[in-house]
Amino acid sequence: KDIPTIRQLYRTSSLSIAQTRRYPSVEAHLDRISLLQGDITKVQVDAIVNAANRSLLGGGGVDGAIHDAAGPKLLAECRPLNGCETGGAKITKGYDLPALHVIHAVGPIYDSKDVETKESQLASCYQNSLDIAVNNSLKSIAFPCISTGIYGYPIEDATHVVLDVVRKFCDMEAGKELDRIVFVVWSNTDRAVYEKLLSEYFPPD
Ligand code: AR6
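Attention here is on the structure that accompanies the text. As the structure is a computational prediction, the values presented were derived from the model and not from experiment. Note that residues are indexed from 1 along each chain, following the sequence as it is written. Predicted model: local features are reported for residues with pLDDT of at least 70 only, side-chain atom pairs are reported and counted for 80 or more only, and whole-chain, interface and lining totals are derived from all residues. No hydrogens and no water enter the side-chain calculation; it runs on all heavy atoms of the structure.

This part covers unusual backbone geometry. In this structure, Tyr95 is a non-glycine residue whose phi angle is positive, near 50 degrees. Each helix corresponds to a stretch of at least 4 residues labelled H or I by DSSP, and each strand to a stretch of at least 2 residues labelled E; elements are numbered beginning at the N terminus. Looking at where Tyr95 falls in the secondary structure, it is placed in the loop between strand E4 (89–93) and strand E5 (101–106). Positive phi outside glycine occurs at Ser147, with the angle close to 75 degrees. Among the secondary structure elements, Ser147 is positioned in the loop between strand E6 (140–143) and helix H5 (155–170). Exposure classes here rest on a 1.4 Å probe applied to the protein chains alone. A residue is buried below 20% of its type maximum, exposed above 50%, and partly exposed in between. A relative accessible area of 5% places Ser147 in the buried class.

Structure (structure tokens):
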């Protein structure tokens, strides 16, 4: 199967490629997991994931950027969805975005006194997003760092949760349906965390 390389996909965009590599530990997938730094609304994949809230009616942060870039039809499609529980996710079209779809995932609001619940809700919104992608026959998906902005989840803790879910997903049959999983970081700090932890969860040869 011919999967375009990350360089072919993004050479014309304003995103910088932080890291893309071969993960021989993930069966038969070349350049399958990539790390980009920049604006997720510019990423051309089958679905970008939105760090939404339970109303699914927009907000600040990446949610605001996605609604701005997608245009008002996105909100119109979100309204009848009647929101979404924490840890869940729902799919819409991408409208004016280069991405074909948006998967609206609702991460937890961090609380250091209830880390176990928060961890499982964060894991669940990533897992649900991956499942929705596979169930809709999508081939590529891009994630922002859900819950780590306004919702206050410490980036390093969150990234362990995320990479554990994604690593297990890649090792399952369903995981083989996706050609590409992209992590999109905004800040240099987040980039450094992903660079470090990616090589732990997806070790090179
Ligand atoms: N592209 C990629 N990443 C971005 C972008 C962008 N355009 N803009 C921000 N980030 P946040 P949350 C990063 O706060 O913590 C909203 O009001 C940002 O630097 O967007 O899940 C919702 O409606 C951070 O690393 O999401 C909810 O109410 C990451 O995206 C609430 O915020 C997530 O930060 C959700 O909070």
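Take the residue count of a helix, subtract one, and multiply by 1.5 Å to get its expected span. Its 16 residues give H5 an end-to-end C-alpha distance of 22 Å, which sits within 8% of 22 Å, the value for a rise of 1.5 Å per residue. All buried positions along H5 are accounted for by Ile155, Ala158, Thr159, Val161, Val162, Leu163, Val165, Val166, Arg167, Phe169 and Cys170. Contact between two residues is taken to exist if any of their heavy atoms lie within 4.5 Å; hydrogens are not considered. In this structure, the buried side of H5 is in contact with strand E2 (33–37), helix H4 (115–135), strand E7 (180–185) and helix H6 (188–201).

This part covers the layout of surface pockets. In this structure, the largest pocket encloses a volume near 590 Å³. Among the secondary structure elements, those contributing two or more residues to the lining of the largest pocket are strand E3 (47–52), helix H2 (61–70) and E7. Broken down by element, the lining of the largest pocket gets its largest block of residues, four residues, from H2. Asp, Glu, Lys and Arg are counted as charged, while Ala, Val, Leu, Ile, Met, Phe, Trp, Tyr, Cys and Pro are counted as nonpolar; the rest, among them Gly, fall into the polar class. Looking at the lining of the largest pocket residue by residue, the classes come out as 13 nonpolar, nine polar and three charged. In the cavity and pocket records, a cavity denotes points on a 1 Å grid over the protein atoms alone where a 1.4 Å probe fits but cannot get out, a pocket denotes an open set with protein on both sides within 12 Å along at least 5 of 7 lines, and lining residues are residues with an atom within 4 Å of a point. Grid points are joined across faces, edges and corners, and a volume is the space filled by probe spheres set on the points.

Limitation: the analysis is restricted to geometry and does not speak to function.
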